[in-house]
Amino acid sequence: METRAVIINKYGSKDVLEEGQVTLPELGEHQVLVRVKATSINPIDWKLREGYLKQMFDWEFPIILGWDVAGVIEAVGSAVTDWQEGDEVFARPETTRFGTYAEYTVVDDHLLAKKPANISFEEAAAVPLAGMTAYQGLFDHGHLKEGEKVLVHAGAGGVGTYAIQLAKEAGAYVYTTASEKNHELLQSLGADEVIDYRTTDFRDVVQEIDLVLDTMGGEVQLNSFDVLKENSGRLITVVGAPDQEKAKEKNVETIGIWLQPEGKQLSKLADLLQAKKMKSIVGSTFPLTQQGVYDAHALSETHHAVGKIVITVD
């Protein structure tokens, strides 16, 4: 079937974004067709748009960007048993060239989770990629335990807002970095101490940290080794390959992670959302138009957006 979408037909700046009609692939037996109500922006979207990931994803054009979705199931594949038309769902679909900046998208059934009834489609669309990245960084790779000290860099960002809440829910002591205007928000999410990175070097404030979750890379990532607990600290980053030499010096563990989408894990996050133990911070919303996505990418590229940037689909 055809869907209206915001697409790219070549790599480049925000100017390559355009509206178009795309023919979606046939529905596989373990897939569902979702009518998209909302999607959200993640840095992978504009990194891919710029062409930085073309070695990893060698796709033909047109490409529909976007890998978060909340919406309603319109059709189900022949072997789908757990889902039916009309179900309200959210997901982080597989990374294909048929993304979610569209009115319709195809999702593998094992990646779906039921949208909690007490949150909006916008709040649900904010969760999958950022929420599962935070979860996998803290627990699957970081092995965070109750009573440990965790430092979440860029706490006001998409991954950061979920990581603070998840770490607090797990009983950790949570430090985070953010500009002063976001301190109150992050304290309300459960951060024990918020460090203003503009005026303070976090290394002057924290030490003996069990786990650092890094979404910044570069100098911040490098400096994070200085605050880790020797022999048992862990540094998990979602940006680039961390310095193994630095890790050896302090005998700490470090790993760069790439999200593994998973419906069961997303359902755990849905339970927390349903129980009001976690919430989405939707900082801004834009419409599914060329201009709307252009403006959303511009905001995301500043690295100063608060919470998640969501695209709503009429």
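Residues numbered from 1 in each chain as written. Predicted model: local features only at pLDDT ≥ 70, side-chain atom pairs only at ≥ 80, totals over all residues. Heavy atoms only, no water.

1. Quick notes on the packing of helix α3 (residues 128–141) against helix α4 (residues 158–169)
- Axis separation between α3 and α4 bottoms out at 8 Å; the angle between their running directions is 50 degrees. One finds that α3 runs oblique with respect to α4. Here α3 and α4 pass one another in a crossing that is right-handed. Along its contact with α3, which presents Ala 130, Gly 131, Thr 133, Ala 134, Tyr 135, Leu 138 and Phe 139, the element α4 presents Gly 158, Val 159, Tyr 162, Ala 163, Leu 166 and Ala 167.
- Broken down by class, the residue content of the contact of α3 with α4 amounts to 10 nonpolar, 3 polar and no charged. (Axes fitted to C-alpha atoms, helices over the stretch in contact; angles between N-to-C directions. Helix = DSSP H or I, 4+ residues; strand = E, 2+ residues; numbered from the N terminus. Parallel < 35°, antiparallel > 145°, perpendicular 65-115°, else oblique. Left-handed = near helix turned anticlockwise from the far one by under 90°. Contact = heavy atoms within 4.5 Å. Nonpolar A, V, L, I, M, F, W, Y, C, P; charged D, E, K, R; others polar.)

2. A few points about the pairing of strand β14 (residues 253–256)
- One ladder, built from 4 bridges, connects strand β13 (residues 234–237) with β14; its direction is parallel. The residue of β14 that forms the bridge with Leu 235 is Thr 254.
- Taking the sense of rotation as the criterion, the β-α-β connection linking β13, helix α7 (residues 244–250) and β14 turns out right-handed. (Pairing = 2+ DSSP bridges. Right-handed = clockwise from strand over helix to strand, strands pointing away.)

3. Side note on the sheet that holds β13
- As summarised here, the arrangement of the 6 strands in space is β11-β10-β9-β12-β13-β14, forming an open sheet in which the pairing is parallel. The strands lining the two open edges of the sheet, one partner per strand, are β11 (193–195) and β14. Averaged over all pairs of adjacent strands, the angle between their axes in this sheet comes to 15 degrees, without regard to strand direction.
- Strands in contact with α3 are β9 (149–152), β12 (211–214), β13 and β14; relative to β12, the strand with the most contacts, it is inclined by about 155 degrees.

4. Quick word on the side chain of Arg 49
- Counting through the fold element by element, Arg 49 comes out in helix α1 (residues 43–50).
- Since its relative accessible area comes to 0%, Arg 49 is described here as buried.
- Side chain to side chain, Arg 49 and His 297 meet in a polar contact 2.8 Å long.
- Discounting residues that sit within four places of it in the chain, Arg 49 has contacts with Ile 8, Tyr 11, Gly 12, Ser 13, Lys 14, Val 16, Leu 17, Leu 65, His 297 and Glu 301. (Buried < 20%, exposed > 50% of the residue type's maximum accessible area, 1.4 Å probe, protein only. Polar contact = N/O pair within 3.5 Å; in protein donor to acceptor, adjacent residues only side chain to side chain.)

5. Thoughts on the packing of aromatic side chains
- All chains considered together, the criterion is met by 6 aromatic pairs.
- Look at Trp 59 and Trp 67: their rings are 6.2 Å apart centre to centre, the planes differ by 45 degrees, and that puts the pair in the tilted class. Residues Trp 59 and Trp 67 agree in their burial class; the two are buried.
- Ring pairs connect the aromatic residues Phe 57, Trp 59, Trp 67 and Trp 258, which therefore count as one cluster.
- We note Lys 14 situated over the ring of Tyr 294; from NZ or CZ to the ring centre the distance is 5.7 Å.
- The ring centre of Trp 46 lies 5.9 Å from the NZ or CZ of Lys 47, which sits over that ring. (Phe/Tyr/Trp six-rings, centres within 6.5 Å; stacked < 30°, edge-to-face > 60°. Lys NZ or Arg CZ within 6 Å of the ring centre and 35° of its normal.)

6. Structural notes on the nonpolar core
- Core analysis: the largest hydrophobic core is formed by 92 residues, its most contacted members being Phe 90, Leu 138, Val 150, Leu 166 and Leu 269.
- Those residues in contact with Leu 269, other than ones at most four positions away along the chain, are Val 127, Gly 131, Met 132, Tyr 135, Leu 166 and Met 278.
- Counting residues in each nonpolar core, the second largest holds 13 residues, with Tyr 175, Ile 195, Val 206 and Leu 228 among its members. (Core = buried A, V, L, I, M, F, W, Y, C linked by side-chain atoms within 4.5 Å.)

7. Focus: unusual backbone geometry
- The omega angle of the peptide bond from Phe 61 to Pro 62 is 0 degrees, so this bond is cis rather than trans.
- Within the secondary structure, Pro 62 sits in the loop between α1 and β4 (63–64).
- Of note, Ala 154 is a non-glycine position whose phi angle comes to about 55 degrees, a positive value.
- Note on placement: Ala 154 falls in the loop between β9 and α4.

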